[in-house]
Amino acid sequence: MKNPNPNDLYSVRLQSLVSDDDIQFLFDLYQPIIGAKACAIYMNFLYSKDQGNKTFASLYDKMMISPGEFYGSMPSLEAMGLVKTFIFENKGTKGYVFCLYCPCNPRSFFDNVLFLGLLRQHLSEEEIQLLAKRYSLPEEPNQKLFEDVSISFRDYFAPDLSKITSSMTIKTGGKKKGTIGLYFDKQLFLSTLASLDPRFCASSFSPKDYIKIARMATLYNYTSEAMAGFVAKIYAFGAQNRLDYDKLQDECVKSLDFSYLKEEKKPETPNQVKGNSGLANMIRAMEEMSPVEFLHRLQKGNEPAKGDVELIDHLIVDMGLSKPACNALIFYMMEKKGGRLNRKYMEKVAANMVRNDVTNAYDAFNFFVKTPSKFPSKGKNDQTKPAEEKEIKVHEDGEVSMSELKESMDFFGDESEDDD
């Protein structure tokens, strides 16, 4: 997903029929993983599929979300196979096409070890069992005790099969699920296995085995070589069930503390900017780190003061400021206020950020730039003259420069107050 401009156009193409049951599956099974905003975007797309091209600005206004909130929610829909995003450019204008796919039914969802593993990160085992029970179905009567007296299709309709030809088939819509991207190198996995035991070959595993192994690797963030080591340890040559998935999962769990087995960590939230400038890296860190860890990094590894930690806790727990927005505020204080985390000043800014629904680092920077020094809210009766609006410049490659942000920060007055 690329970051669209408000004037860019988008359209929606439904790739699968979506029933009321599918909507229930979306909220019961997917929402704990992707969040309510992502589900709301999916539903908005679903019910605007026949409305032609629309601007992203109209979507933001309709849903009352910011560009940063939309951009932060879309990757989870794409990663879970619910949406595929396509883009084209024509005379400087970008157009987006969002293809929608139906959610998995409960059986397919729970059979997917990757999805189930993600769900376990957000729900307790008791809650998951309740979900499974809600969608469980009774089995057919035991045919040893009951006789099946149902009439067959052929006996009832007696069709003339000589008149049925392939030309009679008609194409229409149906159920279609999107694919999810898995970072797994099958050839590296097999070559590592062969080096451990020459009996391993491509036919040692079924297509289903490869999918499940790849999902486990993605879930636990293991390299292909690490997964080969786990498989070699528990694989039973000659047995009917050569690959025991439960044992493989146990091996994955037991080795979670060994960092050298892991793939390079990917950010849990999408990067708002690209490039390797100081500010671009800083924004990515704001989205990924906890505020205490972020402050620890800003202080070159030195332990944050107890009062600073208590202030951060107050801003997040008591005032409801999001972690990325809190990191942006900390960074602003370090750059603009000489590194001092002034409690009264930060409370004032944080309160206004919460009122304006600033939840991610990208929106936080634009909020700092646009908001005048007296920090007015969105209230219609506010008579404070707004400061001149200047957004952080994002170049063609998505990179933001540190000098541009510092220049933009000069729009703030020095409102800092001494602590009591």
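Since the model is a prediction, treat every value here as computed from it, not as a measurement.

## Focus: the overall build of the chain
The number of helices and strands found in the chain is 19 helices and four strands. Counting contacts in the chain only where the partners sit at least 6 residues apart, residues at least 24 apart contribute 68% of the total. Accessible surface, the chain as shown: approximately 24,700 Å² in total, 50% of it carbon and sulfur.

## So, the packing of helix α14 (residues 291-298) against helix α16 (residues 323-336)
When two helices pack together, their arrangement is captured by the angle between the axes and the distance separating the axes. Axis separation between α14 and α16 bottoms out at 9 Å; the angle between their running directions is 25°. Classified by the interaxial angle, the pair formed by α14 and α16 is roughly parallel. Crossing of α14 over α16 shows right-handed handedness. Contacts from Pro-291, Phe-294, Leu-295 and Leu-298 of α14 reach α16 at Lys-323, Cys-326, Asn-327, Ile-330, Phe-331 and Met-334. Of the residues in the contact of α14 with α16, the class split is eight nonpolar, one polar and one charged.

## A look at the packing of aromatic side chains
Evaluated as defined, the whole model comprises 25 aromatic pairs. Ring centres of Phe-45 and Phe-70 lie 6.5 Å apart, and the angle between their planes is 80°; on these two criteria the pair is classed as edge-to-face. In this pair, Phe-45 is assigned in helix α2 (residues 36-46) and Phe-70 in helix α4 (residues 67-79), connecting sequence segments 25 residues apart. The same class applies to Phe-45 and to Phe-70, which are both buried. Feature note: the residues Tyr-10, Phe-45, Phe-56, Tyr-60, Phe-70, Tyr-96 and Phe-98 constitute an aromatic cluster, connected by ring pairs. In this structure, Lys-186 packs its charged tip against the face of Tyr-210, placed 4.1 Å from the ring centre.

## Regarding the pattern of salt bridges
Tallied over the entire structure, the rule returns six salt bridges. Residue Asp-28 is joined to Arg-134 by a salt bridge in which the shortest nitrogen-to-oxygen separation is 2.6 Å. With a gap of 106 residues between them, Asp-28 in helix α1 (residues 20-34) and Arg-134 in helix α7 (residues 125-134) connect regions that are remote in the sequence. According to the relative accessible area criterion, Arg-134 is exposed, its value standing at 52%. The closest approach of N and O atoms between Arg-343 and Glu-347, which form a salt bridge, is 3.2 Å. Taken together, the residues Arg-343 and Glu-347, both in helix α17 (residues 343-355) and four residues apart, mark about one turn of the helix.

## Quick word on the confidence of the model for the chain
Per-residue confidence for the chain gives a mean pLDDT of 76; residues scoring 70 or more make up 73%. Helix α19 (residues 402-409) is the least confidently modelled element of the chain, averaging 47 in pLDDT, while α2 averages 94, the highest of any element. Low confidence marks residues 373-402, where pLDDT is under 50. Its contacts with residues over four positions away, or in another chain, come to 60 contacts.

## Focus: α4
Look at α4: 19 Å from first C-alpha to last across 13 residues, which is about the 18 Å you get at 1.5 Å a residue. Those residues of α4 that fall on the buried side of the exposure criterion are Gly-68, Glu-69, Phe-70, Tyr-71, Ser-73, Met-74, Ser-76, Leu-77 and Glu-78. Positive phi shows up at Gly-81, right after α4, with a value of about 80°.

Rules used throughout
- Residues numbered from 1 in each chain as written.
- Predicted model: local features only at pLDDT ≥ 70, side-chain atom pairs only at ≥ 80, totals over all residues.
- Heavy atoms only, no water.
- Helix = DSSP H or I, 4+ residues; strand = E, 2+ residues; numbered from the N terminus.
- Contact = heavy atoms within 4.5 Å.
- Areas by Shrake-Rupley, 256 points an atom, 1.4 Å probe, with all protein chains shown as cover.
- Axes fitted to C-alpha atoms, helices over the stretch in contact; angles between N-to-C directions.
- Parallel < 35°, antiparallel > 145°, perpendicular 65-115°, else oblique.
- Left-handed = near helix turned anticlockwise from the far one by under 90°.
- Nonpolar A, V, L, I, M, F, W, Y, C, P; charged D, E, K, R; others polar.
- Phe/Tyr/Trp six-rings, centres within 6.5 Å; stacked < 30°, edge-to-face > 60°.
- Buried < 20%, exposed > 50% of the residue type's maximum accessible area, 1.4 Å probe, protein only.
- Lys NZ or Arg CZ within 6 Å of the ring centre and 35° of its normal.
- Salt bridge = Lys/Arg side-chain N within 4 Å of Asp/Glu carboxyl O.
- pLDDT = per-residue confidence, 0-100.
- Expected span 1.5 Å × (residues − 1).

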